[in-house]
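Report on the structure
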Amino acid sequence: MFELLGSGVLANLAPSMLLLVLVGTAAGMAIGAMPGLSATMGLALLVPFTFVMDPTRALVLLGAFYMGAIYGGSFTAILVNAPGTPSSVATALEGYQMTKKGKSELAIVGATFGSLVGGIVGVVALIFLAPPLAEFSLRFGPQEYFWVAIFGLTIIISMASGSLLKGLIGGVIGLLLATVGIAPVGGEVRFTFGEPMLQGGVPLVPAMVGLFTIPEVIRLVARKGRGDAELIDGREHRESLGSMVRQIFSKPVNLIRSSIIGTVVGILPGAGGSVANLVAYSEAKRSSKHPETYGKGEIDGVVAAESANNATVGGGMIPTLTIGVPGTPPDAIIIGVLLLHGLRPGAELFSTSGDLVYTFIIALAVSAVMMVPVGLIGGRALQRGVVAMPARYLAPGITVLTIVGAYAVRNSVVDVFIMLVLGVLAYFLSLAGISSAPIVLGLILGSIAETGLVQGLLTAQGEAQPWLTFFTRPLSLVLIAMTLISLLWPLVRQWRQRRSTSEEKTPEELLAETLRKD
């Protein structure tokens, strides 16, 4: 293996290969930064250009593009609260708040170096852990995927920092939206109101763009200017690059933990960065000594989300290359390109085409490294452009971008209306204190939970109590334990905080507080 790794490194050091990786990374970042143009769509558009290329260069170009696109979604998420890709939802939660506080440059630097570490960790896992982890992922049945979705829904508790009830209301709205369309098992048509375009359900990208972006555009127009957001122009906090990098790497546990979460989630077929970034963000908040700062512009939240979603690139390639099962949606396109060039995923691919595989794997790492100079130059230039743009141009510009992004997903005007309706709904819900984040979380995980529940019950029809199958499988029990910990941990943390606060008070203060209550 090490000999093949060496040949992969040498192949990637060739000037023509480095240029190919650079072009792929930069193009991916540009596509990822446009709301609506996801990494999957960009890879699909790129496939025809790979027909005339040899298999190695075709895979290297696609891999670099994929890595850059996942990272590129952070730019608009941070600057205008418009996640370029579904895997940048959690980035928008903290990044845009940092922009409003005049710390957009720090957020972009944090996203850049978080993506670098996540990408490298994912590639290292791909190199050394591919066979055993791919075999482990095959043990996940519908019961395990149901509990994965339930575990993910517990993140609502972390997002609902203001009111748990309002967070739950947002999650329920997302779950209801997830029921629109043809049922994943059974084929019943639900809540489409006779519109054929809704048979596939509420499309994630238009919904996500509408829920996050349109409310900010409405607020921008309503105050006839930037108002309190004007500080991102005149009061931008300028720091040296070195001090920002030191601040990001001062908490290596957050970086490594989030990267490992992204790698593990990427291995699970179908999950991808849209789940990984939210789980990593939740864990970063849960383990923080100051969780109350999350949702108000916390750099650790940006770093956690971006390191996790870029780690899914390498993690998702593990089942893709070893057993032919796409770990994330873009990996399905990688499999298609392999088959087009006469290559079949599996153990034979590593034995007969080892040079190609390891050149491709090393190219992913090279792309992760190239994201730093390209991202810092391009991202900071974009940041300064957005900061300097007057509000009278920014609001219509964002609106046009969101409409084009929503339409481009399926070339459907219906998707534009869905985006606008959900955006207006999200604005009025925000006035009541209900955030868009739990809605998106419910929409993403609702179909996963429903499919796992129904398929799990169907596979256990021969048993006396089919529902027991969700509580008897070993991996399900592990996931149930994680879900309970996720639910109870906020209560434990509050109890510890109250206890530490009471211990700091003097007996006289405690007596006075007791008398006031009486």
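The rules behind each value
Residues numbered from 1 in each chain as written. Predicted model: local features only at pLDDT ≥ 70, side-chain atom pairs only at ≥ 80, totals over all residues. Heavy atoms only, no water. Helix = DSSP H or I, 4+ residues; strand = E, 2+ residues; numbered from the N terminus. Buried < 20%, exposed > 50% of the residue type's maximum accessible area, 1.4 Å probe, protein only. Contact = heavy atoms within 4.5 Å. Axes fitted to C-alpha atoms, helices over the stretch in contact; angles between N-to-C directions. Parallel < 35°, antiparallel > 145°, perpendicular 65-115°, else oblique. Left-handed = near helix turned anticlockwise from the far one by under 90°. Nonpolar A, V, L, I, M, F, W, Y, C, P; charged D, E, K, R; others polar. Phe/Tyr/Trp six-rings, centres within 6.5 Å; stacked < 30°, edge-to-face > 60°. Core = buried A, V, L, I, M, F, W, Y, C linked by side-chain atoms within 4.5 Å. pLDDT = per-residue confidence, 0-100. Polar contact = N/O pair within 3.5 Å; in protein donor to acceptor, adjacent residues only side chain to side chain. Expected span 1.5 Å × (residues − 1). Bend = angle between axes of the 7 residues up to and from the residue.

Here we look at the overall build of the chain
Looking only at helices and strands, the chain has 24 helices and two strands in total. Going through the 518 residues of the chain one by one, you find that 55% of them count as buried. Taking contacts inside the chain between residues at least 6 apart in sequence as the whole, the part at least 24 apart equals 78%.

Describing the packing of helix H10 (residues 204-222) against helix H20 (residues 413-431)
In a pair of packed helices, the angle between the axes and the distance between the axes together describe the arrangement. H20 packs onto H10 with a crossing angle of 55 degrees between their chain directions and a minimal axis gap of 7 Å. The pairing of H10 with H20 is recorded here as oblique in orientation. Handedness of the crossing formed by H10 with H20: right-handed. Between H10, through Pro-206, Ala-207, Val-209, Gly-210, Leu-211, Ile-214, Pro-215, Ile-218 and Arg-219, and H20, the contact on the second element is made entirely by Asp-415, Met-419, Leu-420, Leu-422, Gly-423, Val-424, Ala-426, Tyr-427 and Ser-430. Residues belonging to the contact of H10 with H20 are distributed by class as follows: 13 nonpolar, three polar and two charged.

So, the environment of Val-366
Relative to the helices and strands, Val-366 resides in helix H18 (residues 354-388). Taking relative accessible area as the criterion, Val-366 reaches 19% and is therefore assigned buried. C-alpha separation for the pair Val-366 and Thr-25, spaced 341 residues apart in sequence, amounts to 9.6 Å. Leave out the neighbours within four places in its chain, and Val-366 touches Asn-12, Leu-18 and Val-21.

Structural notes on the packing of aromatic side chains
Enumeration over the complete set of coordinates arrives at eight aromatic pairs. Measuring from ring centre to ring centre gives 5.6 Å for Trp-147 and Phe-471, while their planes differ by 70 degrees; the resulting arrangement is edge-to-face. With Trp-147 in helix H7 (residues 142-153) and Phe-471 in helix H22 (residues 469-472), this residue pair connects regions lying 324 residues apart in the sequence. Note on Trp-147: relative accessible area 10%, which makes it buried.

Regarding the side chain of Asp-300
Following the sequence through the fold, Asp-300 ends up in helix H15 (residues 299-323). Accessibility expressed as a relative area gives 9% for Asp-300, which makes it buried. Setting aside chain neighbours within four positions, we find Asp-300 in contact with Lys-251, Asn-254 and Tyr-294.

Structural notes on the nonpolar core
Of all hydrophobic cores here, the largest spans 81 residues; its most connected members are Met-317, Leu-321 and Leu-364. In contact with Leu-364, other than residues within four places in its own chain, are Gly-63, Met-67, Val-123, Leu-126, Val-313 and Met-317. Judged by nonpolar contacts, the second largest core, of 51 residues, contains Val-202, Leu-268, Leu-443 and Phe-470.

Some thoughts on the confidence of the model for the chain
Mean pLDDT for the chain: 79, with 81% of residues reaching 70 or above. In this model residues 225-234 is a low-confidence stretch, pLDDT under 50, and it forms 22 contacts with partners more than four residues away in sequence or in other chains.

Some remarks on the side chain of Asn-277
Mapped onto the elements, Asn-277 comes out in helix H14 (residues 273-287). By relative accessible area, which is 0% here, Asn-277 ends up buried. Among the polar contacts listed, one links the side chain of Asn-277 to the backbone nitrogen of Ala-90, at a separation of 2.8 Å. Not counting residues within four places of it along the chain, the set of residues in contact with Asn-277 comprises Pro-86, Ser-87, Ser-88, Val-89, Ala-90, Thr-91, Ala-305, Ala-308 and Asn-309.

Focus: H10
For H10, spanning 19 residues, the distance from its first C-alpha to its last is 27 Å, which sits close to the expected 27 Å at 1.5 Å a residue. In the structure, H10 departs most strongly from a straight axis at Thr-213, where the bend amounts to approximately 30 degrees and where the proline Pro-215 lies between one and four residues downstream. Counting buried residues in H10 gives 14 out of 19 residues, a clear majority hidden from the surface.

Observations concerning helix H5 (residues 89-100)
One turn of an α-helix holds 3.6 residues; hence residues three or four places apart share an orientation. Here H5 spans 17 Å end to end across twelve residues, near enough to the 16 Å set by a 1.5 Å rise per residue. Counted residue by residue, H5 has ten buried out of twelve residues, so it is predominantly covered. Note on H5: the residue one or two positions beyond its end, Gly-102, has a positive phi of about 85 degrees.

Description of the packing of H7 against helix H21 (residues 436-459)
Where H7 meets H21, the closest approach of the two axes is 7 Å, and the angle between their N-to-C directions is 150 degrees. Our classification of the angle between H7 and H21 gives roughly antiparallel. The two elements H7 and H21 cross, and the hand of that crossing is left-handed. Contacts between H7 and H21 pair Pro-142, Gln-143, Tyr-145, Phe-146, Ala-149, Gly-152 and Leu-153 from the former with Leu-441, Gly-442, Leu-445, Ile-448, Ala-449, Gly-452, Leu-453, Gln-455, Gly-456 and Thr-459 from the latter.

Focus: the environment of Val-117
Topologically, Val-117 is positioned in helix H6 (residues 104-137). In sequence terms Val-117 and Val-369 are 252 residues apart; their C-alpha atoms lie 9.0 Å from each other. The residues contacting Val-117, other than those within four sequence positions of it, are Phe-249, Leu-255, Ile-256 and Ser-259.

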